[in-house]
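Fold and geometry: a report
Next come the chains, spelled out residue by residue.
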Amino acid sequence: MQKPDPVKETRNEDQCRARRSEMGREWQRQRFGQDVYRARGFSVDYDAIIVGAGPAGLSAGTHLTQAKYRVLLLDKESFGGQIMNVEWIEDSPGSAAPVSGAVLASGMVNAAEQCGVHMELGEVVEIESYSGCKSVRCADGRAYTSSVVIVAGGLRARKLGVPGEDRFQGKGVIHCTLCDAGLYAGQAVAVCGGGNAGIIEALYFANHASRVHVIEAQPGLSAPTLLQERAYANPRLDIRCGAKVVEIVGDEFVTGVQVQNAATGRKELLNVAGVLARVGFHPATDYLEGMLSLDDRGGIVVNHRFETDVSGIMAAGDIRSESLRKVAAAVSDGKTAAMSAQRLLQSLKQEV
Ligand SMILES: Cc1cc2nc3c(=O)[nH]c(=O)nc-3n(C[C@H](O)[C@H](O)[C@H](O)COP(=O)(O)OP(=O)(O)OC[C@H]3O[C@@H](n4cnc5c(N)ncnc54)[C@H](O)[C@@H]3O)c2cc1C
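Residues numbered from 1 in each chain as written. Predicted model: local features only at pLDDT ≥ 70, side-chain atom pairs only at ≥ 80, totals over all residues. Heavy atoms only, no water.

Digging into the overall build of the chain
Helix and strand counts for the chain stand at 7 helices and 21 strands. About 18,200 Å² of surface is accessible on the chain, with carbon and sulfur atoms providing 50% of the total. (Helix = DSSP H or I, 4+ residues; strand = E, 2+ residues; numbered from the N terminus. Areas by Shrake-Rupley, 256 points an atom, 1.4 Å probe, with all protein chains shown as cover.)

Given below as structure tokens:
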């Protein structure tokens, strides 16, 4: 008879636990190039890591560095968040007049930097939680550890989901109006969506493009009345309600969109050089599925202190469930999440 394989020896429950814990340490050593387990507990790279440098993340980071914690702020695109791409913020606290989104964002970034927040570009693709330690991994392989994590990744624009949308990425399918509007000077573009974001961005395009077709699937626009009035008064805007883009067409670049009327089913080809989709946003939580509790729209479920169901992970701003989706609310969320983080960090310090 063949002898049993010695490697397959069985372990009892305690031995298994000890083995798992040793494997965890080994994993940490390999991953971070150091033994993060020290004689008296963990040693981590940062006290707090914040995912997303928008108003929520910047406000959280500023609060924690003012309280003398070591903070790393990671953002996949740039520092300042969504408002960097918004021409005017209409209801900024402390100003009756609209404030430039870029100016407001830069002020917040400068404040965070001056307080000592360490900022790096990096797309977070994984967060793992161990007792007393979180690990945050970026798409390029970098990984950091911290005691707490605040997730403040905001929203992602929904795609149209029509033929041509993927094929013409970067070739006429537009993502950032403020960055790209100048490229469409004197040409026609289509903006899909007649809500707040769609109308704001269509009005900005009208400063550059010769014609801006606004295509809204519902029978009427849903943007606030003031914006609707501005849109209908702008001679460069062609507003079409009760219609939707069903295909983006072109050769090497976008040359047009097929628009279908909901009532008649009739299709019409509009000649445009660019298309922007503003048909809604959803929380940027794809990589958190299975790790944190999400609501049915993908927002992170939090309690009144903005703590998630995983100890040491907080969420703030547009990404959380039932967010107000406003700058002022995001700043307030960031502060509240930071105060929860601070409470936890203080209790961890007392334990050591
Ligand atoms: C067109 C438009 C007009 C608006 N106008 C107004 C207005 O007039 N008044 C107002 O109060 N609000 C307005 N808003 C809403 C406002 O922009 C948001 O409420 C606010 O920016 C939310 O802040 P936040 O920090 O939660 O998220 P964001 O500002 O969206 O910041 C999130 C950051 O996280 C980063 N990120 C996401 N996922 C990852 C990841 N996996 N790894 C690393 N980084 C990541 C993103 O790159 C982004 O920089 C407007 C929004 C739009 C789109």
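Don't stop here, the text continues.
Section: the packing of helix α2 (residues 55–66) against helix α7 (residues 327–351)
Interhelical geometry of α2 versus α7 gives an angle of 40 degrees and a closest axis separation of 7 Å. One way to sum up the angle between α2 and α7 is to call them oblique. Judged by the sense of rotation from one axis to the other, the crossing of α2 with α7 is right-handed. Of the residues in α7, those touching α2 at Pro 55, Ala 56, Ser 59, Ala 60, His 63 and Leu 64 are Val 327, Ala 330, Val 331, Gly 334, Lys 335, Ala 338, Met 339, Ala 341, Gln 342 and Leu 345. A class-by-class count of the residues in the contact of α2 with α7 yields 11 nonpolar, 4 polar and 1 charged. (Axes fitted to C-alpha atoms, helices over the stretch in contact; angles between N-to-C directions. Parallel < 35°, antiparallel > 145°, perpendicular 65-115°, else oblique. Left-handed = near helix turned anticlockwise from the far one by under 90°. Contact = heavy atoms within 4.5 Å. Nonpolar A, V, L, I, M, F, W, Y, C, P; charged D, E, K, R; others polar.)

Some points on the site of the ligand
Within the structure, the ligand sits among 34 residues, and Asp 75, Gln 82, Asp 91, Val 124 and Asp 318 are positioned closest to it. Here Lys 76 contributes a backbone N or O atom positioned 3.0 Å from a nitrogen atom of the ligand. A distance of 2.9 Å separates an oxygen atom of the ligand from a polar atom in the backbone of Val 327. For the ligand, whose unbound accessible area comes to 1,000 Å², protein coverage reaches 94%. For the shell around the ligand, the secondary structure elements donating two or more residues are α2, β4 (71–75), α5 (196–205) and α7. No other element matches the 3 residues that α5 contributes to the shell around the ligand. (Near = heavy atom within 4 Å. Polar contact = N/O pair within 3.5 Å; in protein donor to acceptor, adjacent residues only side chain to side chain.)

Observations concerning the pattern of salt bridges
One pass over the structure, following the stated rule, counts 12 salt bridges. When the shortest N-O distance is used, the salt bridge between Glu 268 and Arg 240 registers 2.8 Å. Of this pair, Glu 268 sits in strand β18 (residues 267–271) while Arg 240 sits in strand β15 (residues 237–241), and the two are 28 residues apart along the sequence. Here the salt bridges share partners, and the residues they tie into one network are Glu 120, Asp 140 and Arg 142. (Salt bridge = Lys/Arg side-chain N within 4 Å of Asp/Glu carboxyl O.)

Focus: the pairing of strand β8 (residues 124–130)
Summarising the sheet, β8 and strand β9 (residues 133–138) pair through 6 bridges and their orientation is antiparallel. For Ser 129, the partnering residue across the bridge sits in β9 and is Lys 134. (Pairing = 2+ DSSP bridges.)

Things to note about the environment of Val 125
Inspection of the secondary structure puts Val 125 in strand β8. Residues Val 125 and Asp 140, 15 residues apart in the sequence, show an inter-C-alpha distance of 9.3 Å.

Topic: the sheet that holds β15
Reading across from one edge, β12-β19-β13-β14-β15 is the order of the 5 strands in this open sheet, with parallel pairing throughout. On the outer flanks of this sheet lie β12 (173–174) and β15, each paired with one strand and no other. Taken together, the 5 bridges between strand β14 (residues 211–216) and β15 define a ladder with parallel strand orientation. What sits directly across from Val 212, in β15, is Leu 237.

As for the state of the cysteines
Within this structure, the stated rule accounts for 1 disulfide. Disulfide pairing is shown between Cys 176 and Cys 179; the S-S distance is 2.0 Å. Residues Cys 176 and Cys 179 are joined through a disulfide that is right-handed, its torsion about the S-S bond being 75 degrees. (Disulfide = S-S within 2.5 Å.)

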